[in-house]
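Single-letter residue listing:
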Amino acid sequence: DAKTTQPPSMDCAEGRAANLPCNHSTISGNEYVYWYRQIHSQGPQYIIHGLKNNETNEMASLIITEDRKSSTLILPHATLRDTAVYYCIVINQGAQKLVFGQGTRLTINP
Amino acid sequence: DTAVSQTPKYLVTQMGNDKSIKCEQNLGHDTMYWYKQDSKKFLKIMFSYNNKELIINETVPNRFSPKSPDKAHLNLHINSLELGDSAVYFCASSRRAGHTDTQYFGPGTRLTVL
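Along each chain, the written sequence defines residue order, and numbers are assigned to residues from 1. Numbering of ligands from 1 and lettering of chains from A proceed in the order in which they are written. Given that this is a predicted model, residues contribute local features only at a pLDDT of at least 70 and side-chain atom pairs are listed and counted only at 80 or more, while totals for whole chains, interfaces and linings are drawn from all residues. To obtain the side-chain values, all non-hydrogen atoms of the structure were included, while hydrogens and water were left out.

Novice: I tried to follow the pairing of strand β9 (residues 104-109) of chain A on my own but got confused; where do I start?
Specialist: Taken residue by residue, a regular strand's side chains alternate between the two faces of the sheet. Residues and elements named next belong to chain A. Accessible area is worked out with a 1.4 Å probe on protein chains only. A residue is then buried under 20% of its type maximum, exposed over 50%, and partly exposed in between. Starting at the N terminus, helices and strands are each numbered in turn, a helix being any DSSP run of H or I of at least four residues and a strand any DSSP run of E of at least two. What you see with β9 is a clean split: T104, L106 and I108 sit on the buried side and R105, T107 and N109 on the side with no burial. Looking at chain direction, strand β1 (residues 9-13) and β9 are connected through 5 bridges and run parallel. Each residue of the ladder has a partner; that of D11, found in β9, is T107. Two strands qualify as a pair provided DSSP detects at least 2 bridges between them. Two strands pair when backbone bridges link them, and strand β8 (residues 84-92) and β9 are joined in this way by 3 bridges, in the antiparallel orientation. From the neighbouring strand, V85 faces β9, where its bridge partner is R105.

Printed below as a string of structure tokens:
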């Protein structure tokens, strides 16, 4: 599975859009980009995933570059409850397991 | 009506003891997982069961034995506990095996071995 690179930490003001980058320059054609997050003392929570096209759901938007070598998770109006560690995971189509990296610790400030 | 539940939430025990952690999901999923999150916060998969059959067994010491009595339950039994087993253990489930299905995680069990 392709490795991902994420900044270790980021800050964002409450009410602003939080943009979390992820580099996956060695991604191959059948690998998906997944995002999970882990709020303190809780289990990880699925956010969104995509292959090529940009995706949006009630939680976030996922923007994948045309060459698929990087992506950005966007939380449009961050709240204090969005403070968490965000994991970008690239998974082979046939994979049966998630491999978590170190993620980005996002802190939303009032 | 918690989707994935684990018991106990906290477990403190002495080295050498045997302990079990229970996991139940009420989502009707076929696949269940155990993950370990160590003190450095790395989250690693340990086991995965699909329809009560073991499909993933990462390089975990054989002191760890998962048991799946039915699709809704995946318990983790640990023999001869060691200090290094101290961690948070998360159970998860997905509709079926394969990356395309979202994994739903339980709240975790914090195991402390003294």
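Novice: Explanation requested: the layout of surface pockets in the structure shown.
Specialist: The rolling of a water-molecule-sized probe over the atoms marks out the regions of remaining empty space. Cavity and pocket criteria rest on a 1 Å grid covering protein atoms alone: a 1.4 Å probe that fits but cannot get out defines a cavity, protein on both sides within 12 Å along at least 5 of 7 lines defines an open pocket, and an atom within 4 Å of a point defines a lining residue. Grid points are joined across faces, edges and corners, and a volume is the space filled by probe spheres set on the points. Reported here for the largest pocket is a volume of approximately 800 Å³. Forming the walls of the largest pocket are 41 residues, and the residues nearest its centre are A:Q38, A:V85, A:Y87, B:Q37 and B:K41. Of all the secondary structure elements, the ones that give two or more residues to the lining of the largest pocket are β8 and β9 of chain A together with β9 (87-94) and β11 (109-113) of chain B. Examining the composition of the lining of the largest pocket, we find that 7 residues originate from one element, β8(A), more than from any other. Note on residue classes: Ala, Val, Leu, Ile, Met, Phe, Trp, Tyr, Cys and Pro are nonpolar, Asp, Glu, Lys and Arg are charged, and everything else, Gly too, is polar. Partitioned by chemical class, the residues of the lining of the largest pocket number 19 nonpolar, 15 polar and 7 charged. Within this model, the second largest pocket holds a volume of roughly 380 Å³.

The analysis is restricted to geometry; functional conclusions fall outside its scope.
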